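Structure at a glance
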Amino acid sequence: MTTPAFRAMPAVPLRRLALLCAALGLGASSAHAQQREFAVIPSVLLTETLTDNARLTKSSEAERDWITQIRPMLRFDARGYRVKGTMDVGVNSSFYGNGSQHDSNQLMLNGNGKVTWWDNHGFLDLMATVTRQPTYAFRPIGGDTVTGASNWSEVRTFSASPYLKGRFSNTGTVEARLTANQSDSSTTVLNRLQSNVWSVSASDPRAFGNLGWSVGLSDSHTSRTNNRDVDHRSLRASALWLADPQVSLRFIGGTETNNYSSVDNKTTTIYGLGGDWTPTPLTKLSGTIEDRFFGTGYHFTGEHRGPQIAFQGTYSKDITTTSQNMTSAVTLLDLAKLFCASEPAATRDACIRKLTATSTGTDVGSALVGLQSGLANGFYLDRRLQLGVTFIGVRNSVSVIAFRSNRTTITERDFAVTEDITTTSSLRTSGGTVSLQHKMTPITTANATYTVMRSHTDNTSLGGSASDARNRMVTAGVSTRLSPNTTGAVNLRNSQGGGLASYSENAVYGSLLFQF
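Described below are features of the structure shown in this document. Here the structure is a predicted model, which is why all the values come from computation and not from measurement.

The rules behind each value
Residues numbered from 1 in each chain as written. Predicted model: local features only at pLDDT ≥ 70, side-chain atom pairs only at ≥ 80, totals over all residues. Heavy atoms only, no water. Helix = DSSP H or I, 4+ residues; strand = E, 2+ residues; numbered from the N terminus. Buried < 20%, exposed > 50% of the residue type's maximum accessible area, 1.4 Å probe, protein only. Contact = heavy atoms within 4.5 Å. Areas by Shrake-Rupley, 256 points an atom, 1.4 Å probe, with all protein chains shown as cover. Phe/Tyr/Trp six-rings, centres within 6.5 Å; stacked < 30°, edge-to-face > 60°. Pairing = 2+ DSSP bridges. Patch = residues over 30% accessible without salt bridge, like charges linked within 9 Å, V, L, I, M, F, W, Y side chains within 5 Å. Salt bridge = Lys/Arg side-chain N within 4 Å of Asp/Glu carboxyl O. Polar contact = N/O pair within 3.5 Å; in protein donor to acceptor, adjacent residues only side chain to side chain.

This brings us to the overall build of the chain. Along the backbone of the chain there are four helices and 22 strands. Each of the 516 residues in the chain was classed as buried or not, and the buried ones make up 47%. At a minimum sequence separation of 6, the contacts of the chain that also span at least 24 residues come to 57%. Surface exposure of the chain reaches about 24,200 Å², of which carbon and sulfur atoms provide 59%.

Set out below in structure tokens:
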């Protein structure tokens, strides 16, 4: 069987990385001429970890280790008229005290941006991430990517989407878009997947007073390494009714053609209904239910923000992929962006950084609960619930994030379950994180986090019965600003896991974050 390749310096599609850098770099010159709205912010994070179980093995085989991590990082921030976006790029170098065979260099990348190439009409959306994700659902998942390193894989996702927008009549809009996505990883558990999606949509919600219409056409082609290509085409037409200034309804009909479950294309009808309710400018609820080829599909979303609270939630059943779920997970960063949305542009970034600051100085956009507990090739039907809420006080803040997912493959049987068994038809995962922050002084903050995750499969090939894996992690620490550009932190961690591979781990780690 194939095991994840944990390489010293992973092979990265540098051409796509260069394209993203070039796009943001192009903004540097234009933003420089426009009030210098471009910045490069370098930083270095030094972390020392002392753990009593670096490999996350059973107690009789546990190995103590001292792990040093050095993470230089560059943040590119563009706020010009033509180019807007941010990109963090760096390398996390890890050095183990008990031998250099586990030393590694991990590329880190998180970027997104928008380029305006034709005023009010032509735009280009860009996104790129390189992250570490748990490979197998039923093996130990560490509190960082350097403990239990054999169960972490590098996952790379890139997207470029040029599109045109226009207006007609008084309230009509039209959009034509091409979206090119590519995802890849350092293991064959998640092979390369490349898709091109053409879409055209038009709508006029007030074409006949409170009545309107919309139509959308989408055509996608996905090629996959070691698997057959997948095509999907859909056409939807909707009648729109503005029943109330706060309520709008949609009546949906259409057709779709795909070859997800067979070599030959199959055509089925789509019909359903949807609605949007905006009781206040700070509260939005939306929902859609459709009858589709796999049964009833649905997508419900809700968000609310107030003086001291931000909430975001989704409940859906649809065809998706591993990379799509990674980029759509609710995280603390999303809640912070929602809470700070009403802040003036000049102070919005500072508001977000304040709410997402952790005791380690790391990016909370990839919080453990937002990850997949096991990678999967191809497409699958996912019933998913995601909730996130944060309460912000003068000195205290509490954030809760939870999710529940039931994934069933609709193409090949290719969920990663264990190192020996890599096929199962379904996988249920659930998890939650509770984060607490208490501001002790204007420069010192105490932090505590409780995270739990569980995976379950009914696959009897794992030993004759259903299998469960449980992971729990508790962290607590304190961070303080040592100078205007330096932050220090000390933390304690306890991790435990049960299932096919049980383990426990205790660790103490300290960090210094230098920003220049």
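Moving on, we come to the packing of aromatic side chains. Under the counting rule described, the total for this entry stands at eight aromatic pairs. The interplanar angle of 20° and the centroid separation of 6.5 Å between the aromatic rings of Phe300 and Tyr315 together place this pair among those described as stacked. With Phe300 in strand 14 (residues 295-305) and Tyr315 in strand 15 (residues 309-320), the pair connects residues that are 15 residues apart, well separated along the chain. Residue classification places Tyr315 among the partly exposed residues on the basis of a relative accessible area of 38%.

Looking at where Phe379 falls in the secondary structure, it is placed in the loop between helix 4 (345-356) and strand 16 (380-392). Separated by 149 residues in sequence, Phe379 and Val230 place their C-alpha atoms 9.3 Å apart.

This part covers the pairing of strand 15. Judged from the eight bridges that link them, strand 14 and strand 15 form a sheet pairing that is antiparallel. Considered in strand 15, the bridge of Arg305 is made with Ala310. Where strand 14 hands over to strand 15, the hairpin turn is made up of three residues, counted between the paired strands.

Glancing now at the environment of Trp277. As for its position among the elements, Trp277 is in strand 12 (residues 266-280). Here Trp277 is in contact with Gln246, Val247, Thr283, Lys284 and Leu285, once residues within four sequence places are set aside.

So, on to helix 3 (residues 332-339). Buried residues dominate helix 3, accounting for six of its eight residues. For helix 3, the set of buried residues is Leu332, Leu333, Leu335, Ala336, Leu338 and Phe339.

On the surface, Val174, Val200, Phe208, Leu211, Trp213, Val215, Leu217, Leu235, Trp241, Phe251 and Leu273 cluster together to form a nonpolar patch covering roughly 1,000 Å² of accessible area. Only strand 8 (193-208), strand 9 (211-224) and strand 10 (227-244) provide two or more residues apiece to the nonpolar patch. With four residues, strand 9 is the largest single contributor of residues to the nonpolar patch. Within the secondary structure, Leu235 sits in strand 10.

Only one face of strand 17 (residues 396-409) is buried, namely the one carrying Ser397, Ser399, Ile401, Phe403, Ser405, Arg407 and Thr409, since none of Asn396, Val398, Val400, Ala402, Arg404, Asn406 and Thr408 on the opposite face is buried. When strand 16 meets strand 17, the two strands line up antiparallel, connected through 13 bridges. Considered in strand 17, the bridge of Leu387 is made with Ala402. If you look at the hairpin formed by strand 16 and strand 17, you'll find three residues sitting between the two strands.

Here we come to unusual backbone geometry. Residues other than glycine seldom take positive phi values, yet Leu56 does so here, at roughly 55°. One can find Leu56 in the loop between strand 1 (38-51) and strand 2 (65-79). Phi is positive for Asn120, which is not a glycine, with a value near 65°. Tracing the backbone shows Asn120 in the loop between strand 4 (104-118) and strand 5 (122-134). Owing to a relative accessible area of 61%, Asn120 belongs among the exposed residues under this scheme.

According to the stated counting rule, one finds 20 salt bridges in the structure shown. A salt bridge links Arg55 to Asp65; its shortest N-O distance comes to 3.1 Å. Placement of Arg55 in the loop between strand 1 and strand 2 and of Asp65 in strand 2 is noted, with a sequence separation of ten residues between them. The pair formed by Arg55 and Asp65 is uniform in burial state, with each residue classed as buried.

This next bit is on the environment of Arg493. With respect to the helices and strands, the residue Arg493 is situated in strand 21 (residues 486-498). Contact partners of Arg493, with chain neighbours within four places excluded, come to Thr49, Gly143, Asp144, Thr147, Met473, Val474, Thr475, Glu505, Asn506, Ala507 and Tyr509. A polar contact of 3.1 Å, which involves the side chain of Arg493, links it to the side chain of Asp144.

Moving on: the side chain of Arg156. If you trace the backbone, Arg156 turns up in strand 6 (residues 152-168). Using a relative accessible area of 3% as the deciding quantity, one classes Arg156 as buried. Side chain to side chain, Arg156 and Glu154 meet in a polar contact 2.4 Å long.

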